[in-house]
Amino acid sequence: METLLMRPVASCCRRLASSATRTPTPAMLLPQQPARGKATSARARRALNIPPHPSFLNSNKTADASNQPTEEIIYNPPESAASVYHTPVKFLPPSDPRRRANLAEILAASNPASSSSSSSPSTTQPSVESFPMLSKSAPAPKPRHHLTKEDIEEMRRLRAEDPVTNSVVSLARRFDCSQLFVLMCCQAPKEHREKMKAVEEKYKARWGPRRRAAREERARRNVLLYNGEI
Amino acid sequence: MPRYTTLICTAVRCQSTAASPSIPAQGTPEDDYNDGTDHTRFPPLENLPPRAASMPSPPPSRALESAKLAALHARLALPEKLPLQTLARALVDASADPNPDFNNSTLAFVGQSLIHYHVGEYLMCRYPRLPMDILYAAMKGYAGPTTLHHVARSWGIEHAAAPGGEVDPGLLQFSMHKPGDAITGFGYQRAELKYLRKYHWRHSISSRIVFDNDFGEIVDPEAERNTLRRRADTQYGDEYTRSLAERAYANCARAVVGALYTHAGRESAKAFVRAHILSRHLNLSQLFAFKKPTKELSLLCAREDFEPPIARLISETGRLSRTPVFVVGIFSGKDKLGEAAGPSLEHARVKAAMNALKSWYLYSPGEHVRVPSDMFTEGAKPWEPAYIDMGEIIGR
């Protein structure tokens, strides 16, 4: 495929290099016609003559032998998003009969080594670990609940005393908890919040019309996203 | 049973034709439909009974002569037990005839209770994990006034331009000008209603389970009555009059269910509700809106002792192009909980988390799940307890 794509470009370059000394004619400034990629039409036809998808071929061998066209339903749906009405097995309650019906499949999927070597479709599926994670870090571990009430009081006192030094990040590092937990526990004094807000407004005032429009559109898109409209 | 109406004190109105001979003769039995028309030149299309035109709604005896009513009865495949007179009464709104013995307000009350009961039990058994606000929205989608208005329109019911004793009983009758004393709403009125409006007090979802109406909306009869009072000075054909028509149509649909229950019993009414209301398609997955879907999903996994959810990139195309597509799946351990495609990694991740949450909330034990009212039938199999979820993940 690579050579197919590269060939017209290379020929084009060669022609341009040879014509560099001459003055360009109007015909050369026109966009190039899409190249066929094959030297002859017969070769191009042969290259494009790909076999149909296996589901479109008649699977009935006996019908082929007798050369009789048989009627059958071809089920080959296009790839589409899964319906939310199909509950994942993990979400089924223990009492649901579908759990028992799917038990063999789940066991086969969980340990592919024990299942048959090549014919099973579960072995051809890529494993979950082969898909890259979106977040760089591993998921947050279970909450340890290691902070006492006194610790939280201390955290609040520090945040109220000097919100600039005792920022959310530094408090999280100091008390060995997540930043979300610090945000849940304490709130900066009102003056500090207003100051930070003023700084933010100062930055926003420097935005040009394009950046502002882009931000507004993004906010509107987010509303649509959370309402499930896009 | 003869009853005196509030509007016409002289006339005696009877609900059944059997009681009609007891009407005392009142002067001449001539038609009182005197609008100056020369009846010898323009003979009436049908012979109206005496005093028909002065009544607020057609007398029940005329129901047997209405072709429209018989056609409606046949079209809805209503049983023989439901007489045409009751069907005619179901078409008279309380604004047309304030007498509750002749309008459909009582039938509508029975009908709406039945409809809400059947829709509620169906949704709770079919989708046992629906959050309360989605359940309310789904209830309104199935049994709300707009839906019932469409149902009644789809039955081919037409409305009369103005109500009166001389109109065809097969037409829906409601008044654009008189508010009537219709039942304005069904539900529990809050004691602190005044402050809810004045100080914008919050009314939580859990309190709506006890108070308010079946759709979780505040019951405010005074506000309802004020909207109805605006009827007197409106022009025909604007949005407000259209809403009045919708209201009358919805009450009519409820009243038909109530009439069916009254005459043909519980099972007929249930089958009717199943056929005309629960058979409608409502895509529940479109009712959801989330604020922090990823947080909600991780809370769900922590609550159910699943491994914490991890977003993984399943496939992508055109990362450096103007229109990239990323397919992100949310995995808990080795199981995929949800998957979505989006134009950015963050977008796809949020969407995948929303899909995972939707598939949790939209769990269904099966398409033909049994409901409690199935146990009323003779020889029903023993009841197996329906699945009950432990509750919502986060408060909304």
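Cut-offs applied
Residues numbered from 1 in each chain as written. Chains lettered and ligands numbered in written order. Predicted model: local features only at pLDDT ≥ 70, side-chain atom pairs only at ≥ 80, totals over all residues. Heavy atoms only, no water. Helix = DSSP H or I, 4+ residues; strand = E, 2+ residues; numbered from the N terminus. Buried < 20%, exposed > 50% of the residue type's maximum accessible area, 1.4 Å probe, protein only. Contact = heavy atoms within 4.5 Å. Areas by Shrake-Rupley, 256 points an atom, 1.4 Å probe, with all protein chains shown as cover. Arc of directions from axis to C-beta. Polar contact = N/O pair within 3.5 Å; in protein donor to acceptor, adjacent residues only side chain to side chain. Patch = residues over 30% accessible without salt bridge, like charges linked within 9 Å, V, L, I, M, F, W, Y side chains within 5 Å. Salt bridge = Lys/Arg side-chain N within 4 Å of Asp/Glu carboxyl O. Lys, Arg positive; Asp, Glu negative; His and termini not counted. Charge placed at Lys NZ, Arg CZ, Asp CG, Glu CD. Pairing = 2+ DSSP bridges. pLDDT = per-residue confidence, 0-100. Nonpolar A, V, L, I, M, F, W, Y, C, P; charged D, E, K, R; others polar. Axes fitted to C-alpha atoms, helices over the stretch in contact; angles between N-to-C directions.

> Just to check I follow, could you spell out the overall build of chain A for this structure?
Counting secondary structure elements, chain A contains 12 helices and 0 strands. Going from the N terminus to the C terminus, chain A shows its helices and strands as α-α-α-α-α-α-α-α-α-α-α-α. Within chain A, the proportion of its 230 residues that are buried is 16%. Pairs at least 24 apart in sequence give 34% of the contacts found in chain A among residues at least 6 apart.

> Looking at this structure, how should I read the overall build of chain B?
From N to C terminus, chain B includes 12 helices and 5 strands. In chain B, which comprises 396 residues, the proportion classed as buried is 46%. Taking contacts inside chain B between residues at least 6 apart in sequence as the whole, the part at least 24 apart equals 61%. Here chain B displays about 20,200 Å² of accessible surface, and carbon together with sulfur accounts for 55% of that area.

> Where do I start with helix H1 (residues 67-75) of chain B in this structure?
Residues separated by three or four positions in an α-helix point in the same direction, a consequence of the helix having 3.6 residues per turn. All names here are of chain B. Of the residues making up H1, those classed as buried are Leu69, Leu72 and His73. End-on, the buried residues of H1 take up no more than an arc of 100°, which puts them together on one face. The exposed residues of H1 that point more than 90 degrees off its buried face are Ala67 and Ala74. For H1, the elements touching its buried residues are helix H2 (84-90). Between the side-chain oxygen at the start of H1 and the backbone nitrogen of Lys68 there is a gap of 3.4 Å, and the oxygen is on Ser66. Directly beyond the C-terminal end of H1, a positive phi value near 55° is found at Ala77.

> For this particular structure, what's the right way to read a positive patch on the surface?
Residues and elements named next belong to chain A. On the surface, Lys38, Arg43, Arg45 and Arg46 cluster together into a positively charged patch. Note on placement: Lys38 falls in the loop between helix H2 (26-29) and helix H3 (41-48). Take Lys38: its relative accessible area is 32%, and that puts it in the partly exposed class.

> Can you help me understand the pairing of strand S4 (residues 325-332) of chain B in this one?
Successive residues of a regular strand alternate their side chains across the two faces of the sheet. Residues and elements named next belong to chain B. With 7 of 8 residues buried, S4 lies mostly within the body of the structure. The pairing of strand S3 (residues 310-317) with S4 spans 7 bridges and is classified as antiparallel. Bridging from a neighbouring strand, Arg312 pairs with Gly329 of S4. Of the strand pairs in this sheet, S4 and strand S5 (residues 335-342) are connected by 7 bridges, and their pairing is antiparallel. Following the sheet pairing, Val328 is matched in S5 by Ala340. A loop of 2 residues connects S4 with S5, the two strands running antiparallel in sequence, and Gly333 in this loop sits at a positive phi of about 70°.

> Sorry, what's going on with a nonpolar patch on the surface here?
All names here are of chain B. Together, Tyr195, Tyr199 and Trp201 make up an exposed nonpolar region whose accessible area comes to about 330 Å². Here Tyr195 shows up in helix H6 (residues 193-199). Classification of Tyr195 by relative accessible area gives partly exposed; the value is 33%.

> Mind showing me how you'd approach the pattern of salt bridges here?
Should the charged atoms of two oppositely charged side chains come close, the side chains can pair. In the structure shown here, the tally under the stated rule is 20 salt bridges over all chains. Two residues, A:Lys90 and B:Asp335, come together in a salt bridge whose shortest N-O distance is 3.4 Å. Residue A:Lys90 is located in the loop between helix H4 (61-66) and helix H5 (97-101), and its partner B:Asp335 is located in strand S5; the two belong to separate chains. Ionic pairing is found between A:Glu153 and A:Arg156, a salt bridge with its closest N-O pair at 3.7 Å. Remark: A:Arg156 and A:Glu153 occur in helix H8 (residues 149-161); sequence separation between them is 3 residues, near one turn of the helix. By relative accessible area, which is 43% here, A:Glu153 ends up partly exposed. One network of salt bridges, in which partners are shared, links A:Lys90, B:Glu307 and B:Asp335.

> Can you walk me through the side chain of B:Arg62 in this structure?
All names here are of chain B. Looking at the element boundaries, Arg62 is found in the loop between strand S2 (12-13) and H1. Here Gly165 takes part through its backbone oxygen, which lies 2.7 Å from a polar atom of the side chain of Arg62. Residues in contact with Arg62, not counting those within four places in the same chain, are Glu46, Leu48, Pro49, Gly165, Glu166, Val167, Asp168 and Pro169.

> Would you mind showing me how to read the side chain of B:Asp389 here?
Residue and element names in this part refer to chain B. Position of Asp389 relative to the elements: it lies in the segment after helix H12 (345-361). Classification of Asp389 by relative accessible area gives buried; the value is 15%. Among the polar contacts made by the side chain of Asp389, one reaches the side chain of Arg129 at a distance of 3.3 Å. Here Tyr387 takes part through its side chain, which lies 3.3 Å from a polar atom of the side chain of Asp389. Residues contacting Asp389, with those up to four places away along its chain left out, are Pro128, Arg129, Arg303 and Trp360.

> Any chance you could explain the confidence of the model for chain A here in plain terms?
Interpretation of this model should avoid reading the predicted coordinates in detail wherever pLDDT is low. All names here are of chain A. Averaged over all residues, the pLDDT of chain A is 77; the fraction at 70 or higher stands at 68%. Of all secondary-structure elements in chain A, the lowest mean pLDDT belongs to helix H1 (residues 2-18), at 40, while helix H12 (residues 209-226) reaches the highest, 96. Ignoring residues within four places in sequence, the model shows residues 1-31, a span with pLDDT below 50, making 7 contacts including any to other chains. For the stretch residues 114-123, pLDDT sits under 50, and the model shows 7 contacts to residues farther than four places along the chain or on other chains.

> So what exactly am I meant to see when it comes to the environment of A:Ala172 here?
Residues and elements named next belong to chain A. Along the chain, Ala172 turns up in helix H9 (residues 168-175). By relative accessible area, which is 7% here, Ala172 ends up buried. Linking Ala172 and Met155, residues 17 residues apart in sequence, is a C-alpha distance of 9.4 Å. Dropping the residues within four chain positions of it, Ala172 is found in contact with Cys177, Ser178, Gln179 and Val182.

> Would you mind going over the interface of chain A and chain B with me for this structure?
It is common to give the size of an interface as the accessible area that goes away when the parts come together. With 26 residues of chain A at the interface, the matching set in chain B holds 46 residues. Joining chain A to chain B, the criterion identifies 2 salt bridges. Among the salt bridges present, the one from A:Lys90 reaches B:Glu307, with a minimum N-O distance of 2.6 Å. For the pair chain A and chain B, the number of links is 13 residue pairs in polar contact (both at pLDDT 80 or more). Here the side of chain A that touches chain B is composed, by residue class, of 15 nonpolar, 6 polar and 5 charged.

> Got a minute to help me understand the sheet that holds S3(B) in this structure?
Two strands in a sheet stick together by hydrogen bonds in their backbones, pointing the same way (parallel) or opposite ways (antiparallel). Residue and element names in this part refer to chain B. Here 3 strands make up an open sheet; going across it, the order is S3-S4-S5 and the pairing antiparallel. Of all the strands in the sheet, just S3 and S5 have a single pairing partner and so form its edges. Pairs of neighbouring strands in the sheet enclose a mean axial angle of 20°, with direction left out of account. Against the sheet, H12 engages S3, S4 and S5, with an angle of about 135° to S5.

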